[in-house]
Amino acid sequence: MKNIGFLSVIILGMIFVSCSKLGPIEPLEEDVLDGPIDGLNSTELSEFLKGDEAFADVFTVNEGLGPVFVANQCAACHIGDGKGTEFVMFTRFGQSDTSGNQFLNQGGPQLQHKAIPGYSPEVLPSGATTTDLVAPAVTGLGYLDAVSDADLLALEDPNDVDGDGISGRVHWNMIPGYVTLRPGSVTLNGRYISRFGKKAAAYDLLAQTAGAYNQDMGITSVFEPIDPFSGLPVEPEVDESVVHQVVFYLKTLKAPIQRNQDDPDVIAGKNLFTQVSCVKCHVDVMQTSYSPISVLSFQEFYPYTDLLLHDMGPGLDDNYTEGNALTSEWRTPALWGLGLSKVSQGGQYLLMHDGRAKSIEEAILLHGGEADQSRQQYEQLSDTEKAQLIKFLESL
Amino acid sequence: MYRRVILVSLFILMCNLVLAQKDTGFFKVPYDTSTSKLNMDAVYNRPFLTHKKVPVAVGGYLEANSIYTINDGITDGLSFQARRLTLFLSSSIKNRLKFLTELEFEDGTKEIAIEFAALDLTIHPLLNFRGGIIMNPIGAFNQNHDGPKWEFVERPDVSTGIVPATWSNAGFGIYGKTNKNNWVFGYELYVSNGFDDRIIDNEENKTYLPASKDTEERFEENNSGLPMISGKVAIKNRKFGEIGLSYMGGVYNKFEADGLMLDKKRRVDVAAFDLNFTIPKINTNIIGEAVYAYIDVPGSYTQQFGESQWGMFVDFVQPVYRPKWFKWENSTLNLAMRFDYVDWNMGMFNGTTTLIGDNLMAITPAVSFRPSPQTVFRLNYRYSWQKDIVNNPAALSSSWIFGFSTYF
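Every chain is numbered on its own, with residues counted from 1 as its sequence reads. Here every chain gets a letter starting at A, and every ligand a number starting at 1, in the order they are written. Local features in this predicted model are restricted to residues whose pLDDT is 70 or higher, and side-chain atom pairs enter the listing and the counts only when it is 80 or higher, whereas totals over whole chains, interfaces and linings include all residues. The side-chain values count all of the structure's non-hydrogen atoms but skip hydrogen atoms and water molecules.

Asks: I'm lost on the overall build of chain A in this one. Help?
Replies: The helix and strand inventory of chain A stands at 13 helices and 11 strands. The globule rule is 2.2 Å times the number of residues to the power 0.38, and the radius of gyration it is compared with is taken over C-alpha atoms. The C-alpha radius of gyration computed for chain A amounts to 23 Å, which stays within 12% of the reference 21 Å derived for 396 residues, consistent with globular compactness. Once the C-alpha set of chain A is aligned to its principal axes, its extents read approximately 90 × 60 × 40 Å. Put simply, chain A has 396 residues, and 54% of those count as buried. Whether two residues are in contact is decided by their heavy atoms, any of which lying within 4.5 Å being enough. The long-range fraction of contacts in chain A, counting pairs at least 24 apart against all pairs at least 6 apart in sequence, stands at 64%. In the form shown here, chain A has an accessible surface area of approximately 17,300 Å², with 55% of it arising from carbon and sulfur atoms. Of the charged side chains in chain A, 24 are positive and 53 negative; the average position of the first set lies 5 Å away from that of the second. Segments assigned H or I by DSSP are reported as helices when at least four residues long, segments assigned E as strands when at least two residues long, and all are numbered from the N terminus. Three labels apply to residues, based on accessible area from a 1.4 Å probe with only protein chains included: buried if under 20% of the type maximum, exposed if over 50%, partly exposed otherwise in between. All accessible areas in this document rest on Shrake-Rupley with a 1.4 Å probe, and a residue is counted as covered only by the protein chains that are shown. Positive charges come from Lys and Arg, negative ones from Asp and Glu, while His and the chain ends are left out of the count. Working definition for charges: the position is that of NZ of Lys, CZ of Arg, CG of Asp or CD of Glu.

So, in structure tokens, the structure goes:
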């Protein structure tokens, strides 16, 4: 008995020693979306960390959640800074013309379909048209924010002068009074070029963030002081400085890193991506202009978007307008990080604005309107070529 | 400030008693490892230091450890933790009347809690009154939670993630026990304050019963205004082991204010099954508990907060060796293994067939050495898999934990 005991102690000791090397290994930087841009200085890093915390902060009733809301945390929808799921999808409502949202006094533009205990959630007013939106990833947004208006204007072709069937236009929209114009901001009849959101209705990350606090969580700020439930201004429920920290965080989240770049299929897929004109909207290379965050200044980056609105045809037409974006118009989503979508969407793909596409191929086949020709070109590819193109997209 | 005062005065009291131990009047009552005790006896079944002429006994335990954790490949390094210092003070006030209190200092003096402070009046072994701050008898761990009794540094996940161990409340009730041949039977029944709205409104972002522990007013005010009922029956065969069935439930929300109905009454109901037995001959001790909780969450609230949850843990403890080092008579070396599972949000997302995640699984192999039943040195390796609400790939975590826990 004694010997057996001794032996088991020794064996156990050996197991423990060998286990000490066990333990989860750190995922490669390219396999996760979160994390800061390389090269931030220590002040910037600490601001990033504060923003990271605020992004993950769960709002409770005491902290001002609701009374009506959609979710209680930025990170509940943008899980791991990636895309969201159907479970936290939200509905916007409005009208089919561009006369402005007529339902602002009836709870518009967003349906807060959840309520804290003791309150009733909002219901859709009759006569409103709607769109369902799945949360996009929020990575690399600092780069997109730092692209100059001039660059976007150079990309657009509203009258399809080059005759390729792809027009694409910037979204000239009204902006809230609290935003600071970016250097070189261009204006037209009192409107500015906005670029964030699925219909590019938000001018900058401050507008998007203050709007998200307010409409997604029922949290008021100095920027958006009106409580979506009562329609009345209330005390700010999130500090101005916290909103700025979140904006800084969004600006300094790294751009997704491509994987398997040297795989021959990925290289072939990238060529096909150009060949079948995907790249005309999903523009591969862009430049930033000046940014006060020095790592973002004058950088080349690879987002696979042009930040322009495109008519995507009747299949994707939700009969809902936002700002000046027409019912069938959507902003080209950046495709960087596409291959990592599943990791935040519960192991599946939920692509396009409302997550209706359950695979990359399905997403491509839903392209219509300006993208009709490109889709047809895709359909004519051989099976091997299609697989190569998809492998390339998954590497992003 | 008042915390310091409590701490210092208790300390002085302890020191006096310990120093005075040279005086022959003091003696140590070890805890009873015999077989007639049930989990419900745990509060009184602890080693105490007492004096023949004084009807007061004191005791306590300390838990300290070092921990090295890796979360998804990233570690914050090595930490040393003094998790708990718990002090008990009991007194036999008069024949049939006794008092016991348990004070716990967690993580230094960060959290000070009165885990138990009750007066017991014995009318008959089958009928005792107890009132004060009582431990709700849900599962076995909540009442029998002293560090030195366990081979694992971490408390079971179900006992800290569903049952808010140590969960005690102001309340009163009755309990009793009877023996026949090899059988022991016990029951407990209490009414007490209960949970509050925090269980579905907290930073954990999940239905989380322990969130109510943060409510400072909970010993003076019952959030719902309706008593929570908790009760347990346990039966033990001295040769084999004990099983227990327990329940705790009541309305948790403030459904009424100033006589106005604000919401309907929303209940939380928790049921638990616990067992503790030893396989004869090979002496493997198996301890486990399974808990199910149902919480009435408003339908229009976010599904982030689940309506039903369950969890369990099982410990296997195998004594393998009785080293006779330093003339320690009763020392044992054990190999042990714990399995933990908790699902904070059972079921599917509304209107879908997609399962909700929000669960945790862990295994913890361990080696423990007990110089005596009252002191344990333990080395644990814990590996856990935690899934978020939409079942994304699990967050992985591993910890090496080495520490001790001892009654004093």
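Here the narrative resumes.
Asks: Is there a simple way to explain the overall build of chain B in this structure?
Replies: Scanning chain B for helices and strands turns up two helices and 20 strands. Rg of the C-alpha trace for chain B: 22 Å, near the compact-globule value of 22 Å for 408 residues, within the 12% margin. Considered along the principal axes of its C-alpha atoms, chain B spans approximately 70 × 55 × 50 Å. Partitioning the contacts of chain B with sequence separation of at least 6, the portion at a separation of at least 24 is 60%. Surface summary for chain B: the accessible area is close to 18,300 Å², and the carbon and sulfur share equals 63%.

Asks: Explain the packing of helix H8 (residues 264–275) of chain A against helix H13 (residues 383–395) of chain A to me, please; I cannot follow it from the model alone.
Replies: Two measures define how a pair of helices packs: the angle their axes make with one another and the distance between the axes. All names here are of chain A. Note on method: axes are straight lines fitted to C-alpha atoms, helices fitted across the in-contact stretch only, with angles between N-to-C directions ranging 0 to 180 degrees. At their nearest, the axes of H8 and H13 sit 7 Å apart, and the two run at 100° to each other. Between H8 and H13, the crossing angle belongs to the class labelled roughly perpendicular. Across from Asp265, Val266, Ala268, Gly269, Lys270, Leu272 and Phe273 in H8, the residues of H13 making contact are Glu385, Gln388, Leu389, Lys391, Phe392, Leu393 and Ser395. When residues are sorted by character, Ala, Val, Leu, Ile, Met, Phe, Trp, Tyr, Cys and Pro go into the nonpolar class, Asp, Glu, Lys and Arg into the charged class, and all the rest, Gly among them, into the polar class. Class assignment for the residues of the contact of H8 with H13 results in seven nonpolar, three polar and four charged. Any angle that falls under 35 degrees is termed roughly parallel, while one over 145 is termed roughly antiparallel, one within 65 to 115 roughly perpendicular, and all others oblique.

Asks: Help me understand helix H7 (residues 240–252) of chain A, please; the structure alone is not making it clear to me.
Replies: Residues lying three or four places apart along an α-helix face the same way, a consequence of the helix completing one turn every 3.6 residues. All names here are of chain A. The first and last C-alpha atoms of H7 sit 19 Å apart over 13 residues, in line with the 18 Å expected at 1.5 Å per residue. For H7, every residue scored as buried is listed here: Val243, Gln245, Val246, Val247, Phe248, Tyr249, Leu250 and Thr252. Where H7 is buried, its residues meet helix H2 (42–56), helix H4 (141–145) and helix H6 (205–217). Here the expected span of a helix is defined as 1.5 Å times the quantity of residues minus one.

Asks: How do you make sense of the pairing of strand S5 (residues 97–106) of chain B when you look at a structure like this?
Replies: Along a regular strand, successive side chains alternate from one face of the sheet to the other. All names here are of chain B. Taking burial as the measure, the 10 residues of S5 include seven buried ones, the bulk of the element. Bridging between strand S4 (residues 74–94) and S5 involves 10 bridges; their strand directions are antiparallel. Residue pairing for S5: Ser90 is matched across the bridge by Leu100. What makes two strands pair is DSSP finding at least two bridges between them. The turn linking S4 back onto S5 is made up of two residues, and Arg96 within it adopts a positive phi angle of 70°. Taken together, the 10 bridges between S5 and strand S6 (residues 111–124) define a ladder with antiparallel strand orientation. Residue pairing for S6: Leu100 is matched across the bridge by Ala118. Hairpin remark: S5 followed by S6, antiparallel, with four residues in the connecting loop; positive phi at Asp107, about 45°.

Asks: Help me understand the side chain of Arg84 of chain B, please; the structure alone is not making it clear to me.
Replies: All names here are of chain B. Here Arg84 lies in strand S4. The exposure class assigned to Arg84 is buried, which follows from its relative accessible area of 9%. Those residues within four positions of Arg84 in sequence are excluded, and the remaining contacts are Tyr61, Leu62, Glu63, Glu104, Phe105, Glu106 and Arg155.

Asks: Even after reading the chapter, I still don't get the interface of chain A and chain B, so can you show me in this structure?
Replies: Where the parts come together, the accessible area they lose is often given as the size of the interface. On the chain B side, the residues contacting the 43 residues of chain A number 39 residues. In this description, buried area is defined as the sum, over both parts, of the accessible area (probe of 1.4 Å) that is lost when the two are combined. With both sides pooled, the region where chain A packs onto chain B buries about 3,000 Å², and carbon together with sulfur makes up 65% of that total. The term salt bridge refers to a pairing of a side-chain nitrogen on Lys or Arg with a carboxyl oxygen on Asp or Glu at a separation within 4 Å. Our count for the contact surface shared by chain A and chain B stands at zero salt bridges. Polar contacts, as used here, are pairs of N or O atoms within 3.5 Å; protein pairs need one atom able to donate a hydrogen and one able to accept it. Residues neighboring in sequence count only if both atoms are side-chain atoms. Taken together, chain A and chain B are joined by eight residue pairs in polar contact (both at pLDDT 80 or more).

Asks: It is not clear to me how the sheet that holds strand S5 (residues 171–173) of chain A should be interpreted in this structure. Could you clarify?
Replies: Two strands in a sheet stick together by hydrogen bonds in their backbones, pointing the same way (parallel) or opposite ways (antiparallel). Residue and element names in this part refer to chain A. Strand order in the open sheet made by the three strands is S5-S7-S6, with antiparallel pairing throughout. Across the chains shown, the open sheet's two edge strands, defined by having one partner strand only, are S5 and strand S6 (187–188). Strand direction decides the pairing type here: S5 and strand S7 (residues 191–194), joined by three bridges, are antiparallel. Counted as the bridge partner of His171 is Ser194 from S7.

Asks: How should I be thinking about the side chain of Thr85 of chain A in this particular structure?
Replies: Assignment of secondary structure puts Thr85 of chain A in the loop between helix H3 (74–77) and strand S2 (90–94). Apart from residues no more than four positions distant in its own chain, Thr85 of chain A is found in contact with Ile79, Ser344, Gln345 and Leu350 of chain A together with Val390 of chain B.

Asks: Honestly, unusual backbone geometry in this entry has me stumped. Any pointers?
Replies: Backbone geometry follows two general trends: most residues other than glycine have a negative phi, and most peptide bonds adopt the trans configuration. Across the junction of Gly66 of chain A and Pro67 of chain A, the peptide omega takes the value 10°, indicating a cis bond. Structurally, Pro67 of chain A is set in the loop between H2 and strand S1 (68–69). A positive phi angle, near 45°, is found at Asp72 of chain B, a position not held by glycine. With respect to the helices and strands, the residue Asp72 of chain B is situated in the loop between strand S3 (54–71) and S4. Within the chain, Asn391 of chain B stands out as a residue other than glycine whose phi angle is a positive 65°. The topology assignment puts Asn391 of chain B in the loop between strand S19 (375–387) and strand S20 (395–407).

Asks: Would you mind showing me how to read the environment of Cys77 of chain A here?
Replies: All names here are of chain A. If you trace the backbone, Cys77 turns up in helix H3. The class of Cys77 is buried, set by a relative accessible area of 10%. Those residues within four positions of Cys77 in sequence are excluded, and the remaining contacts are Ala71, Gly82, Lys83, Gly84, Val88 and Ala135.

Asks: Hey, could you run me through the packing of aromatic side chains in this one?
Replies: How two aromatic rings sit relative to each other is given by the distance of their centres and the angle of their planes. Think of it this way: a Phe, Tyr or Trp ring, Trp meaning its six-membered ring, pairs with another when their centres are within 6.5 Å, and the plane angle makes it stacked under 30 degrees, edge-to-face over 60, tilted otherwise. Across all of its chains, the model carries 29 aromatic pairs over all chains by this definition. Judged by centre distance (6.1 Å) and plane angle (80°), the ring pair of Phe69 of chain A and Tyr301 of chain B falls under edge-to-face. Taken together, the positions of Phe69 of chain A in strand S1 and Tyr301 of chain B in the loop between strand S15 (284–295) and strand S16 (308–321) put the pair across two chains. Taken individually, Phe69 of chain A and Tyr301 of chain B each receive the classification buried, so the pair is uniform in this respect. Taken together, the ring pairs connect Phe48, Tyr61, Phe88 and Tyr407 of chain B into an aromatic cluster.

Asks: Explain the packing of H6 of chain A against H7 of chain A here, please?
Replies: Residue and element names in this part refer to chain A. Across the interface, H6 lies against H7 with an axial gap of 9 Å and an inter-helix angle of 125°. Considering the angle they form, H6 stands oblique to H7. In this structure, H6 meets H7 at a crossing whose hand is right-handed. Contacts between H6 and H7 involve Leu205, Leu206, Thr209 and Tyr213 on the former and, on the latter, Val242, Val243, His244, Val246, Val247, Leu250 and Lys251. For any helix crossing, the convention is left-handed if the near helix is rotated counterclockwise from the far helix by under a right angle, and right-handed if that rotation is clockwise.

Asks: Whenever I open this one, the pattern of salt bridges confuses me. Can you help?
Replies: A pair can form between side chains of opposite charge whenever their charged atoms are brought close. Per the stated rule, a full pass over the model turns up 33 salt bridges over all chains. In this structure, the salt-bridge partner of Lys391 of chain A is Asp263 of chain A, at a minimum N-O distance of 3.1 Å. Placement of Lys391 of chain A in helix H13 and of Asp263 of chain A in the loop between H7 and H8 is noted, with a sequence separation of 128 residues between them. Among the residues examined, Lys391 of chain A registers a relative accessible area of 32% and is labelled partly exposed. Overall, Asp263 of chain A belongs to the partly exposed group, its relative accessible area being 23%. A salt bridge links Arg46 of chain B to Asp146 of chain B, with the shortest nitrogen-to-oxygen separation between them at 2.7 Å. Here Arg46 of chain B, found in the loop between strand S1 (26–29) and strand S2 (48–51), pairs with Asp146 of chain B, found in the loop between strand S7 (127–135) and helix H2 (157–161); they are 100 residues apart in sequence, far enough to count as distant. For the pair Arg46 of chain B and Asp146 of chain B, one class covers both residues: buried. Counted as one network, the salt bridges with shared partners bring together Glu63, Arg84, Glu104 and Arg378 of chain B.

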